[in-house]
Amino acid sequence: MTKLGIIGSGAIGAGIARRAVAAGHHVLIANSRGPESLAGLVGELDELDELGGDARAGTVAEAAGFGEIVVLAVPLSAYDTLPVDALDGTTVLSTGNYYPSRDGRIEDLDAVVTTTAEYEQALLPGAVIVKAFNNILAHHIPALARPSGAPDRSGLAIAGDAVDAKRAVSALVDTLGFEPVDAGSLAQSWRFEPESGAYTTIYVADLDTFAKDYLADTGAPLPAERLREILAASHRADVASRAF
Ligand SMILES: NC(=O)c1ccc[n+]([C@@H]2O[C@H](COP(=O)([O-])OP(=O)(O)OC[C@H]3O[C@@H](n4cnc5c(N)ncnc54)[C@H](OP(=O)(O)O)[C@@H]3O)[C@@H](O)[C@H]2O)c1
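Attention in this report is confined to the structure presented alongside it. (Residues numbered from 1 in each chain as written. Predicted model: local features only at pLDDT ≥ 70, side-chain atom pairs only at ≥ 80, totals over all residues.)

1. Remarks on the overall build of the protein
Broken down by element type, the protein carries ten helices and eight strands. The principal-axis extents of the C-alpha atoms in the protein amount to approximately 40 × 40 × 35 Å. Looking at the 244 residues of the protein, the share that counts as buried comes to 46%. Excluding contacts between residues fewer than 6 apart, the proportion of contacts in the protein whose partners are at least 24 apart in sequence is 69%. (Helix = DSSP H or I, 4+ residues; strand = E, 2+ residues; numbered from the N terminus. Buried ≥ 20, exposed ≤ 12 C-beta atoms within 10 Å, placed from the backbone. Contact = placed C-beta atoms within 7 Å.)

2. Points about helix 6 (residues 116-123)
When helix 6 is considered as a whole, its buried residues turn out to be T116, A117, E118, E120 and Q121. Next to the buried residues of helix 6 lie strand 5 (91-94), helix 5 (107-110), strand 6 (128-131) and strand 7 (155-160).

3. Digging into the pairing of strand 1 (residues 3-7)
Most of strand 1 sits inside the fold, with four of its five residues counted as buried. In this sheet, strand 2 (residues 26-30) lies alongside strand 1 in parallel orientation, the contact comprising five bridges. Considered in strand 2, the bridge of I7 is made with A30. A crossover links strand 1 with its parallel partner strand 2, the connecting element being helix 1 (residues 11-22), and its sense is right-handed. Where strand 1 lies against strand 4 (residues 69-72), four bridges are found, and the strand directions are parallel. Counted as the bridge partner of L4 is I69 from strand 4. (Pairing = 2+ DSSP bridges. Right-handed = clockwise from strand over helix to strand, strands pointing away.)

4. With respect to the sheet that holds strand 5
The eight strands are arranged 3-2-1-4-5-6-7-8 in an open sheet whose pairing can be described as mixed. Looking at the sheet topology across the chains shown, the edges are occupied by strand 3 (54-57) and strand 8 (179-182). For this sheet, the mean inter-axis angle between neighbouring strands, taken without regard to orientation, is 25 degrees. One ladder, built from four bridges, connects strand 7 with strand 8; its direction is parallel. Bridge pairing in strand 8 links A157 to V181. (Axes fitted to C-alpha atoms, helices over the stretch in contact; angles between N-to-C directions.)

5. Describing the site of the ligand
Not every one of the 24 residues close to the ligand is listed here, only the nearest: G8, G10, I12, N31 and A78. The dominant element in the shell around the ligand, judged by the number of residues it contributes, is helix 1, at three residues. Considering only residue class, the shell around the ligand consists of twelve nonpolar, eleven polar and one charged. (Near = placed C-beta within 6 Å. Nonpolar A, V, L, I, M, F, W, Y, C, P; charged D, E, K, R; others polar.)

6. Notes on unusual backbone geometry
Although it is not a glycine, F133 sits at a positive phi angle of roughly 65 degrees. If you trace the backbone, F133 turns up in the loop between strand 6 and helix 7 (140-144). Judged by the 25 C-beta atoms lying within 10 Å of it, F133 is buried. Even without a glycine there, the phi angle at E195 is positive, about 70 degrees. Secondary-structure assignment places E195 in the loop between strand 8 and helix 9 (207-212).

7. With respect to the nonpolar core
If you look at the biggest cluster of nonpolar residues, it comprises 72 residues, and the most contacted ones within it are I7 and A157. In terms of residues, this core owes the most to one element, helix 1, which gives six residues. (Core = buried A, V, L, I, M, F, W, Y, C linked by C-beta atoms within 7 Å.)

See below:
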């Protein structure tokens, strides 16, 4: 089982932590407020230990140094506060997206000179960034996770430049309940960025419900083969016009 450091304990970080402990992995989770603030979540995670998984809280530096894989589930604006040296040589599963209203405007992303994943890689040069879980809403993760071989299992896009790191993240994603789908390199990860053709609505069950109250949408399985088609047909977003 994998040692997983998770930085960020919000919707995505906690969602991945739940799936990871339930799958038997060893999790050390951190946030910006410190380990004490995570007592409730760790108590909840401890209830999911049937397969031998466990969780504890730590500092951001401890999470960065703990994992065979480190999950980043923080806003893009927080990436430049992360401990660069501690992540040196580490496989980093990045869930980040660029939301200008939250992260501030970033010239190279607006000008589509670079993808968000490449931008993150430049901020954390020693880390080995692999992109995943950035294009699925947090509440759709538990709703759609299925064991390997289930007929209604969904695919999940994974992009990265390093073969070994991508393989490790794919194996992790498989245990978390999704069929890994190779979406190419970090440069190609625009295919599943916000407003592309393969962002979060691909997992929506009912677009009307979703439009009224996105959290009320139950999610619909998306077979890996269909995800491959959607990724192939995706379009690059006009990032400079992004209004959220
Ligand atoms: N929510 C979704 O459905 C969703 C889906 C796909 C991708 N994403 C992307 O995933 C990332 C995380 O999103 P989220 O919705 O999980 O965010 P969130 O609920 O707002 O949680 C963000 C987490 O990051 C932590 N954090 C912020 N700055 C930090 C720093 N400098 N050092 C350490 N921890 C820090 C926060 O700590 P505190 O708890 O102490 O404040 C919090 O735990 C974002 O890039 C988002 O765009 C989100």
